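Next come the chains, spelled out residue by residue.
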Amino acid sequence: VREVMGEVIGYDAYGFGTTDKLIDVAWGGRTPEMLDPVVASMGSYVGETLRRAFGGRWVFSDEHGPYLTGLGGTESTVFPFVKTRQRLELGRRHALAGYYESVLTTVSARRDSR
């Protein structure tokens, strides 16, 4: 990423915006030819960033694959690999930066309602 865009992707909200830019630069709105490996690596990053920001734990199910649950000490569950696939296949309307903000809003609301 540093070589292509001159930026470093961190485990934070800003990193999600940088990842959106990287997707746009690397694939220009096209779906990557080798989609599954890209989803695996970027989805891992998305999930781990959310876990570091909000807590929670990785779990696995046959139906959903790996996902996060218990974010922020609440019942919040997120599916970072599904979201990453949507971003890569369906484009900017599924931006990762917006996803981070959505998770933040949901976790905050659930904490406040306790």
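Quantities reported herein were computed from a predicted structural model and do not represent experimental measurements.

Conventions adopted
- Residues numbered from 1 in each chain as written.
- Predicted model: local features only at pLDDT ≥ 70, side-chain atom pairs only at ≥ 80, totals over all residues.
- Heavy atoms only, no water.
- Axes fitted to C-alpha atoms, helices over the stretch in contact; angles between N-to-C directions.
- Helix = DSSP H or I, 4+ residues; strand = E, 2+ residues; numbered from the N terminus.
- Parallel < 35°, antiparallel > 145°, perpendicular 65-115°, else oblique.
- Contact = heavy atoms within 4.5 Å.
- Nonpolar A, V, L, I, M, F, W, Y, C, P; charged D, E, K, R; others polar.
- Buried < 20%, exposed > 50% of the residue type's maximum accessible area, 1.4 Å probe, protein only.
- Arc of directions from axis to C-beta.
- Expected span 1.5 Å × (residues − 1).

Caption draft 1: Seen up close, the packing of helix H2 (residues 13-27) against helix H5 (residues 96-112). Remark: H2 packs on H5, axes separated minimally by 7 Å, with the N-to-C direction vectors making an angle of 155 degrees. The orientation of H2 relative to H5 falls into the category roughly antiparallel. Contacts between H2 and H5 involve Ala 13, Phe 16, Gly 17, Thr 19, Asp 20 and Ile 23 from the first element and Leu 96, Ala 97, Tyr 99, Tyr 100 and Glu 101 from the second. Split into classes, the residues belonging to the contact of H2 with H5 amount to seven nonpolar, two polar and two charged.

Caption draft 2: Region of the structure containing helix H4 (residues 80-90). Within the span of H4, buried status applies to Pro 80, Phe 81, Lys 83, Thr 84, Arg 87 and Leu 88. Along the long axis of H4, the arc covered by the buried residues comes to 165 degrees, so they all point the same way. Check the buried side of H4 and you find it contacts H2, helix H3 (35-54), strand E1 (57-61), strand E2 (65-71), strand E3 (76-78) and H5. At the exit of H4 stands Gly 91, carrying a positive phi of roughly 90 degrees.

Caption draft 3: Summary view of H2. An ideal rise of 1.5 Å per residue puts 21 Å on 15 residues; H2 measures up with 22 Å between its terminal C-alpha atoms. Residues Gly 15, Phe 16, Thr 18, Thr 19, Asp 20, Leu 22 and Ile 23 constitute the buried set of H2. At the exit of H2 stands Gly 28, carrying a positive phi of roughly 50 degrees.

Any functional reading would require information beyond the geometric quantities listed.
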